[in-house]
Amino acid sequence: KTKNFPLGRKSKNKISMKTEKLKKIVKRIFFNHGLSNKHAETSSSYIIKAELVGAPSHGLARLKMYCNRIKKKLINSKPKIKIKKISQSISHVDGNDAIGFVAADIGIKIAIDNAKKTGFGMVGIKNSGHYGLSSFYAEQAVKKNLMAWCFTNAPPAIAPYGSRKALFGTNPVCFGAPTGNKIPFILDTSASIINRGKIRRAEKLGQDIPAGVALDKNGRPTTNAKKALEGVQLPIAEFKGSGLAWMVDIVSGVLTGANHGGKVKDPFDDLSGPQNVGHLFIVIKPGIFVGKNYLAQIKKNLKSVKRLPKSNMIKEILYPGENKYAKYKKNIKKGIEIPNNILKEINKLDAI
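Below or above, wherever it landed, is the structure these notes cover. These numbers were taken from a predicted model, which means no experiment stands behind them. (Residues numbered from 1 in each chain as written. Predicted model: local features only at pLDDT ≥ 70, side-chain atom pairs only at ≥ 80, totals over all residues. Heavy atoms only, no water.)

Description of the overall build of the chain
Okay, step 1: A count of helices and strands for the chain gives eleven helices and twelve strands.
Okay, step 2: Against the globule reference of 20 Å for 352 residues, the chain gives a C-alpha radius of gyration of 20 Å, in line with a compact fold.
Okay, step 3: Across its three principal directions, the C-alpha atoms of the chain cover 55 × 55 × 50 Å.
Okay, step 4: Of all 352 residues assigned to the chain, the portion counted as buried reaches 50%. (Helix = DSSP H or I, 4+ residues; strand = E, 2+ residues; numbered from the N terminus. Rg over C-alpha atoms; globule rule 2.2 N^0.38 Å. Buried < 20%, exposed > 50% of the residue type's maximum accessible area, 1.4 Å probe, protein only.)

A closer look at the nonpolar core
Okay, step 1: Residues Phe30, Leu60, Leu63, Tyr137, Phe281 and Ile338 are the most contacted members of the largest nonpolar core, which totals 56 residues.
Okay, step 2: Ranked by residue count, the leading element in this core is helix α4 (residues 100–118), at nine residues.
Okay, step 3: In this structure Ile338 touches Asn13, Lys14, Ile15, Met17, Leu22, Leu60, Leu343 and Ile346, once residues within four positions along its chain are discounted. (Core = buried A, V, L, I, M, F, W, Y, C linked by side-chain atoms within 4.5 Å. Contact = heavy atoms within 4.5 Å.)

Considerations on helix α5 (residues 135–143)
Okay, step 1: Within α5, eight of the nine residues are buried, which leaves the element mostly enclosed by the surrounding structure.
Okay, step 2: For α5, the full list of buried residues reads Ser135, Phe136, Tyr137, Ala138, Glu139, Gln140, Ala141 and Val142.
Okay, step 3: The first or second residue beyond α5 is Asn145, which carries a positive phi of 60 degrees.

Some remarks on the packing of helix α1 (residues 19–32) against helix α3 (residues 63–71)
Okay, step 1: Direction vectors running N to C along α1 and α3 enclose 15 degrees, while the axes themselves pass 10 Å from each other. Here α1 is positioned roughly parallel relative to α3, judged by the angle of their axes. With respect to the hand of their crossing, α1 and α3 are arranged in right-handed fashion. Residue-level contacts link Val26, Ile29 and Phe30 of α1 to Leu63, Tyr66, Cys67 and Ile70 of α3. (Axes fitted to C-alpha atoms, helices over the stretch in contact; angles between N-to-C directions. Parallel < 35°, antiparallel > 145°, perpendicular 65-115°, else oblique. Left-handed = near helix turned anticlockwise from the far one by under 90°.)

Examining the pattern of salt bridges
Okay, step 1: Within this structure, the stated rule accounts for 13 salt bridges.
Okay, step 2: The salt bridge involving Lys14 is made with Glu337; its shortest N-O contact spans 3.1 Å. Pair noted here: Lys14 is in strand β2 (residues 14–17) and Glu337 is in strand β12 (residues 336–339), with a separation of 323 residues, a long-range link.
Okay, step 3: Judged by its relative accessible area of 34%, Lys14 is partly exposed.
Okay, step 4: For Asp266, the salt bridge goes to Arg200, with nearest N and O atoms at 3.0 Å. With Asp266 in the loop between α8 (239–254) and β11 (277–284) and Arg200 in helix α6 (residues 196–205), the pair connects residues that are 66 residues apart, well separated along the chain. (Salt bridge = Lys/Arg side-chain N within 4 Å of Asp/Glu carboxyl O.)

Concerning the packing of aromatic side chains
Working definition: an aromatic ring pair is given by the centre-to-centre distance plus the angle between the planes.
Okay, step 1: Counted under the stated rule, the structure contains 13 aromatic pairs.
Okay, step 2: Ring plane angle 65 degrees and centroid distance 6.0 Å describe the contact between Phe175 and Phe185, whose orientation is recorded as edge-to-face. A residue pair is termed long-range when its members are at least 10 positions apart, and Phe175 in strand β7 (residues 173–177) and Phe185 in strand β8 (residues 185–189) qualify at ten residues.
Okay, step 3: We note Lys49 situated over the ring of Tyr328; from NZ or CZ to the ring centre the distance is 6.0 Å. (Phe/Tyr/Trp six-rings, centres within 6.5 Å; stacked < 30°, edge-to-face > 60°. Lys NZ or Arg CZ within 6 Å of the ring centre and 35° of its normal.)

Section: the sheet that holds strand β4 (residues 90–94)
Okay, step 1: The sheet built from seven strands is open, its strands ordered β3-β4-β5-β11-β6-β7-β8 with mixed pairing. Pairing within the sheet leaves two strands with one partner each, and these edge strands are β3 (82–85) and β8. Averaged over neighbouring strand pairs, the angle between their axes works out to 10 degrees when direction is ignored.
Okay, step 2: Strand direction decides the pairing type here: strand β5 (residues 120–128) and β11, joined by seven bridges, are antiparallel. Directly across from Ser128, in β11, lies its bridge partner Val277.
Okay, step 3: Lying over the sheet, α8 contacts β5, β6 (147–152), β7 and β11, oriented at roughly 95 degrees with respect to β6. (Pairing = 2+ DSSP bridges.)

Digging into the state of the cysteines
Formally, a disulfide is one covalent bond, and it connects the sulfur atom of one cysteine to the sulfur atom of another.
Okay, step 1: Scanning the entire structure with this criterion turns up zero disulfides.
Okay, step 2: Looking at the unpaired Cys150, the closest cysteine sulfur is the one in Cys174, lying at 4.7 Å.
Okay, step 3: For Cys150, a relative accessible area of 0% translates into the label buried. (Disulfide = S-S within 2.5 Å.)

Here it is as structure tokens:
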């Protein structure tokens, strides 16, 4: 059980555990719930990395949810994933209700292979599930010196502009580009002011959420996480954020054949069937238009921004991806902090 593994620092409300030890535990939990060794390895890697980059909303706090859905056969532990090759550049993946990490990992690797061969790779995925952070898939492409766009839809959380009813998911938009540096440019942002996972985790830990990010079921502003989950989340930039969420719903759902228009099932609360989440990956060679000049120009672009005069209280202008990289380097050394109530969930899962 988890308690038999060496722990690091302890405090009243949390413990700190070494990364590799914790990953072994999570992998074993997935394996004990029926995932193959390979799929358990993939899924545990994504969950642990979310913790390391400072996104615990997409990490251990979701482990119990994934396991519950596997036990109820809403996530297929032994999926027969089908890949349809439409052209040299385009493929369509039917995830067969696999855990989202696995279906998406297969999809991005196909998109990367297609792009390396033809300069352009596009993969649509249906019958998948929640796949964690979009940035992890973009990062895979960037490490191969490719540029990537990643989209995924999600359960209803955002009310379309002018409506009082949630319909669109928080539907993240993600873009990654090689920089010629060790840190790639990776923008990963939800169409909501904060992602839903942060609200879920706050509710689990009994914490408040920031003001101005959600309304309760009666349309009143709230900082209560539970009331926010019962109500609606607010989009970034009002109608613009609503429009972005709508766009992602179209390209991830309508285009791929997955659920859309409010039909994606909530992984925590809706146990009536598989989620049928849709993903879309677009990968290209960054020099497709400018050739070898790309790296010189991207470096010039980044320097032009980072050299600008800084506003008060800002030490350095960072491009998207730098902050998560810094957190990763810090956390990989010190280990992962686990709140006590999440640790209890892990121990119960590990006991099966």
